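Summary of the model geometry
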Amino acid sequence: MGVLITVLAVCAVAGLVLLALSVRNVQQYEKGVVFRFGRLLPDIRGPGLRVIRPIGDRMRKVSVQTEVLGIPPQGSITADNVTLTVDAVVYFKVIDPVKALVNVRNYPAAVSQIAQTSLRSVIGRADLDTLLSDRDHINAELKKVMDAPTEEPWGLRIERVEIKDIALPESMMRSMSKQAEAERERRARVIAADGEFQASQRLTDAAATMADTPGALQLRLLQTVVDVSAEKNSTLVMPFPVEMLRFFEHQSRETGDESAGRRVHRTARRPALSTSAVIPEPATSAPAPAPSVSLPGERAGSRAEVARERRDNWPTRRDAEEALSG
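What counts as what
Residues numbered from 1 in each chain as written. Predicted model: local features only at pLDDT ≥ 70, side-chain atom pairs only at ≥ 80, totals over all residues. Heavy atoms only, no water. Helix = DSSP H or I, 4+ residues; strand = E, 2+ residues; numbered from the N terminus. Contact = heavy atoms within 4.5 Å. Areas by Shrake-Rupley, 256 points an atom, 1.4 Å probe, with all protein chains shown as cover. Core = buried A, V, L, I, M, F, W, Y, C linked by side-chain atoms within 4.5 Å. Buried < 20%, exposed > 50% of the residue type's maximum accessible area, 1.4 Å probe, protein only. Axes fitted to C-alpha atoms, helices over the stretch in contact; angles between N-to-C directions. Left-handed = near helix turned anticlockwise from the far one by under 90°. Salt bridge = Lys/Arg side-chain N within 4 Å of Asp/Glu carboxyl O. Polar contact = N/O pair within 3.5 Å; in protein donor to acceptor, adjacent residues only side chain to side chain.

The helix and strand tally for the protein stands at 10 helices and 8 strands. Within the protein, contacts between residues at least 6 apart in sequence are counted, and of these 62% link residues at least 24 apart. Entry remark: accessible area of the protein is about 23800 Å², with carbon and sulfur atoms responsible for 57%.

Here it is as structure tokens:
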């Protein structure tokens, strides 16, 4: 009786051990591939509790999650002979667990080597400007190059490839900084010249408008005075309007014309002097005789009276200048 109990207990323990060896837990993000005596079974076990033979069967679990693999920095030479160092990151996942286990050994390491080789190959076919400005095209080409040897033979899908950093030599960085500075300076000068051109056009239009409307110039002057007077600590110098100067000039011309007319009229009313004088040649021995002057309408008198009357009726220098200016 005791021997029977012992045998039953041993059988129960053996059954529990065999059951434990037969049950496998497969996670939701995993696929189970079963090998029976080294031979692949066609059925792929899904997530959950799966039972296999405790003797002869071996299950390998393969994760179907997207894995991230960093590519170490790779030194390469571009198509325009620029030496640089590039590192990238690769996102891939397993789409066929059987191929990933059977066709390739340690597929993460294989993907890393393929990524390094493809990165150097793609960078060698591109120039520096394309590599810096059009990274999307470089990433798409890199993904295309890596898909060919990994998807169909290895059951891996390259979802995305991104270039993280591009390390340039110090001399190239200085040259590029000088080029960028010169380009920005050129753009600044072009923008400033364009602004000057537009401002000159607007000023030309404003000048044409003010020329058609003289009052607009005065309004603009008053607006400028108001803007300047807003500052309390400034001294305002009021310019004299040009229109007012023209007004005064016009008034002065009219006044000058009227005064010239009055002087000419007053001079015309004076009796004209007719003089007949015989000036003999000068002699050294005796002085020249005084000329005789005869006034119309009057008898000739003495020489003193004639000289006095001539002096009173002769035009002055001021009358002569006014008559000339008029």
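Picking up after the structure, the text goes on.
This part is about the nonpolar core. One broad rule of soluble globular proteins: the nonpolar side chains tend to lie buried together. Ranked by size, the top nonpolar core spans 33 residues in total, and within it Leu-84, Val-90, Tyr-107, Val-111 and Met-146 carry the most contacts. Among the elements of the structure, strand 6 (67-77), strand 7 (83-94), helix 3 (107-125), helix 4 (128-133), helix 5 (135-154) and strand 8 (156-167) are those that each provide at least two residues to this core. At 8 residues, helix 3 tops the list of elements feeding residues into this core. Excluding anything up to four places from it in sequence, Tyr-107 contacts Val-62, Ser-63, Glu-67, Phe-92, Val-94, Ala-100 and Leu-156.

This next bit is on the packing of helix 3 against helix 5. Where helix 3 meets helix 5, the closest approach of the two axes is 9 Å, and the angle between their N-to-C directions is 145 degrees. As for how helix 3 packs across helix 5, the hand of that crossing is right-handed. For the pair helix 3 and helix 5, the contacting residues are Ala-110, Val-111, Ile-114, Ala-115, Ser-118, Leu-119, Val-122 and Arg-125 in the first and Ile-138, Glu-141, Leu-142, Val-145, Met-146, Pro-149, Thr-150 and Trp-154 in the second.

Moving on: the pattern of salt bridges. If you walk through the whole model with that rule in mind, you get 8 salt bridges. Between Arg-160 and Glu-162 there is a salt bridge, and its shortest N-O distance comes to 2.7 Å. Take Glu-162: its relative accessible area is 23%, and that puts it in the partly exposed class. Its salt-bridge partner being Glu-183, residue Arg-187 comes within 3.3 Å of it at the nearest N-O pair. Of this pair, Arg-187 and Glu-183 both sit in helix 6 (residues 170-212), 4 residues apart, which is roughly one turn of the helix. Arg-187 gets classed as partly exposed once you look at its relative accessible area, which sits at 48%. With relative accessibility at 29%, the residue Glu-183 sits in the partly exposed group. Several salt bridges share partner residues, and in doing so they unite Glu-183, Arg-186 and Arg-187 into one network.

Now for the side chain of Thr-150. Mapped onto the secondary structure, Thr-150 falls in helix 5. Residue classification places Thr-150 among the buried positions, given a relative accessible area of 0%. Among the polar contacts made by the side chain of Thr-150, one reaches the main-chain carbonyl oxygen of Met-146 at a distance of 2.6 Å. Aside from chain neighbours lying at most four places away, what touches Thr-150 is Ile-114, Gly-155, Leu-156 and Ile-158.

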